[in-house]
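# Tertiary structure, described
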Amino acid sequence: CDVGDAASLAAMARQTRLVLSCVGPYRFLGEPVVEACVENGASYIDISGEPQFLEGMYLKYNDKAAEKGVYVIGSCGFDSIPADMGVLYTRDKLKGTLTAVESFLKVKSGPEGVCVHDGTWKSAVYGLADQDNLKKLRKKIGYAPVPVVGAKLRRRGLVFYSQEFKEYCIPFMGSDVSVVKRSQRYLHTKLQETPVQYGAYVNIGGLGSVLKLMFAGILFLLLVKFSFGRKLLTKYPEFFSAGRFSKQGPTQKQMDGTSFTMTFFGEGYSEGQDPQNGKPNVKICTEVKGPEPGYVATPIAMVQAGISLLEDAACLPKQGGVYSPAAAFSKTKLIDRLNKCGIEFSVISKPEV
């Protein structure tokens, strides 16, 4: 069916229990699919990494989806299943109370390098250009603040050297932090679970990589502010991303040679220790690793999320609505399913007092 044809979308939604939507950029193409699903009683899963779309759908369709008993679950691809479910996994493996987690993403590539389709690039261009509207949207939603439990997680700089990895890192610019925060807010307000603070970073390598990235980043941020600049960025993604994004997407060889590892460093308080008093006294390190993120890991994550929605229905939140992955799937077997399909969750070092 066609996202521009409401009748064909409605006909599709009426004859299924679940729609998997891959129509990015979602800010331009996603809402008609969500609306058709909610109106016609089908649940919905997407792989969006666009906070404005994800949170806009919550504002517009959460009540209606709850009324209809359908689940609308965004960001079920590489954005943001590894991060969101990884925080839950880390929490469940710590004997005690987890209060803060930092994740570090490392993408390894083979001799052919890494490449991503320009749909993701467009989402980043328009998302960064529209940051002010995201703030207004959040004000409209009126989120309840998430309380800080335990020692406050300190923010790191724009570029810093990681002693653990012996390389430079920067904050991860994707949707992971906003998605995890939504999940933690839900788990705290609805299930009275201790909220976990979260910071997301990406490893970029040596000093040469830092300088290249800084130059590219400054140019990107300058261009993204103007409509002429945005046109240039979306017309020539390969040039402005130094070949990392293209209209063709990755070759099979590039996909075969690429993998990711997301390492989580968690801290918290041992059993019997009050998280409101004193410093954290336990640490844990976990890992989520998998194949090429965009075209191999993402469909695995999306399909397993879909199977969990259909087969673990009794473990979903009691009411339909618009959810982030960990809010929807915290009681399901999603992590077990992912482990069997090549996205592996593991404990690297046990909690140490």
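Predicted, not measured: the structure shown is a model, and the values here were computed from it.

Before going further, it helps to examine the pattern of salt bridges. Enumeration over the complete set of coordinates arrives at 10 salt bridges. Note that Glu193 and Arg91 form a salt bridge whose closest N and O atoms lie 2.5 Å from each other. Here Arg91 lies in helix 5 (residues 81-93) and Glu193 lies in the loop between helix 8 (176-191) and strand 8 (197-205), a separation of 102 residues in the sequence. Residue classification places Glu193 among the buried residues on the basis of a relative accessible area of 18%. What you see here is one network of salt bridges that share partners, running through Arg91, Asp92, Glu193 and Lys331.

Ser8, Leu9, Ala10 and Ala13 are the residues of helix 1 (residues 6-14) that are buried. Capping of helix 1 at its N-terminal end is provided by Asp5; its side-chain oxygen lies 3.2 Å from the backbone amide nitrogen of Ala7.

Right, let's talk about the UniProt feature "domain: Saccharopine dehydrogenase NADP binding" (unreviewed entry) in the chain for a bit. Here the UniProt feature "domain: Saccharopine dehydrogenase NADP binding" (unreviewed entry) sits at residues 2-73. End C-alpha to end C-alpha, residues 2-73 measures 21 Å, and it is 57% helix and 15% strand.

Within a regular beta strand, the side chains point alternately toward one face of the sheet and then the other, so they alternate between its two faces. Residue alternation in strand 2 (residues 43-46) divides its side chains into two sets, Ser43 and Ile45 and Tyr44 and Asp46, and both sets are buried. Note that strand 1 (residues 18-21) and strand 2 share four bridges and pair parallel. By the bridge assignment for strand 2, Ser21 is matched with Asp46. Viewed along the sheet, the connection from strand 2 through helix 4 (residues 51-68) into strand 3 (residues 71-73) turns out right-handed.

With that settled, consider the environment of Gly77. Its place among the elements puts Gly77 in the loop between strand 3 and helix 5. Note on Gly77: relative accessible area 0%, which makes it buried. Linking Gly77 and Ile45, residues 32 residues apart in sequence, is a C-alpha distance of 9.5 Å. Once residues lying within four places of it in the same chain are set aside, the contact partners of Gly77 are Asp46, Ile47, Pro82, Thr298 and Ala301.

Bringing a nonpolar patch on the surface into the picture now. Judged by side-chain polarity, Leu158, Val159, Met214, Ile218 and Leu222 come together as a nonpolar surface patch covering roughly 510 Å² of accessible area. Here Met214 shows up in helix 9 (residues 207-224).

A word on the sheet that holds strand 12 (residues 321-323). A sheet is described by the order of its strands in space; here four strands give the open sequence 1-2-3-12, paired in parallel fashion. Single-partner strands in this sheet number two, and they are strand 1 and strand 12. Neighbour-to-neighbour, the strand axes of the sheet open up by a mean angle of 15 degrees, direction not taken into account. On the sheet, helix 4 packs against strand 2, strand 3 and strand 12 and is oriented at approximately 150 degrees with respect to strand 12. Relative to the sheet, helix 13 (residues 293-311) contacts strand 1, strand 2 and strand 3, its axis offset from that of strand 2 by approximately 160 degrees.

Turning next to the UniProt feature "transmembrane region" (unreviewed entry) in the chain. Summarizing the sequence annotation, UniProt attributes the feature "transmembrane region" (unreviewed entry) to residues 198-224 in the numbering used throughout. Secondary structure within residues 198-224 divides into 67% helix and 30% strand; the distance between the first and last C-alpha atoms comes to 27 Å.

Glancing now at the side chain of Thr258. If you trace the backbone, Thr258 turns up in the loop between helix 12 (252-256) and strand 10 (259-270). If we skip the residues at most four places from it in the chain, Thr258 touches Val107, Lys108, Ser109, Gly113, Val114, Pro291, Glu292 and Pro293.

So, on to the state of the cysteines. As used here, a disulfide is simply a covalent bond connecting the sulfur atoms of two cysteines. One pass over the structure, following the stated rule, counts zero disulfides. Here Cys115 stays free of any disulfide, with the sulfur of Cys22 as its closest cysteine sulfur at 18 Å. In this structure Cys115 comes out as buried when scored by relative accessible area, which is 6%.

Helix length check: helix 6 (residues 118-129) (12 residues) gives 16 Å between terminal C-alpha atoms against 16 Å at 1.5 Å per residue, within 8%. Of all the positions in helix 6, only Asp118, Gly119, Trp121, Ser123 and Val125 are classed as buried. Tucked inside the fold, the buried residues of helix 6 contact strand 5 (116-117), helix 9, helix 10 (227-235), helix 11 (237-240) and strand 9 (245-246).

On to the packing of aromatic side chains. Within a pair of aromatic rings, the relevant descriptors are the distance that separates the centres and the angle that separates the planes. Enumeration according to the criterion identifies 17 aromatic pairs in this entry. Seen from their ring centres, Phe239 and Phe240 are 5.0 Å apart, and the 85 degrees between their planes marks the pair as edge-to-face. Under the relative-accessibility criterion, Phe240 is labelled buried at 18%. Taken together, Phe104, Phe160, Phe165, Tyr201 and Phe265 form an aromatic cluster joined through their ring pairs. Here Arg156 stacks its cationic end above the ring of Tyr201, 5.9 Å away from the centre of that ring.

Criteria and thresholds
Residues numbered from 1 in each chain as written. Predicted model: local features only at pLDDT ≥ 70, side-chain atom pairs only at ≥ 80, totals over all residues. Heavy atoms only, no water. Salt bridge = Lys/Arg side-chain N within 4 Å of Asp/Glu carboxyl O. Helix = DSSP H or I, 4+ residues; strand = E, 2+ residues; numbered from the N terminus. Buried < 20%, exposed > 50% of the residue type's maximum accessible area, 1.4 Å probe, protein only. Polar contact = N/O pair within 3.5 Å; in protein donor to acceptor, adjacent residues only side chain to side chain. UniProt positions renumbered as here; feature names shortened; annotations may be inferred. Pairing = 2+ DSSP bridges. Right-handed = clockwise from strand over helix to strand, strands pointing away. Contact = heavy atoms within 4.5 Å. Patch = residues over 30% accessible without salt bridge, like charges linked within 9 Å, V, L, I, M, F, W, Y side chains within 5 Å. Areas by Shrake-Rupley, 256 points an atom, 1.4 Å probe, with all protein chains shown as cover. Axes fitted to C-alpha atoms, helices over the stretch in contact; angles between N-to-C directions. Disulfide = S-S within 2.5 Å. Expected span 1.5 Å × (residues − 1). Phe/Tyr/Trp six-rings, centres within 6.5 Å; stacked < 30°, edge-to-face > 60°. Lys NZ or Arg CZ within 6 Å of the ring centre and 35° of its normal.

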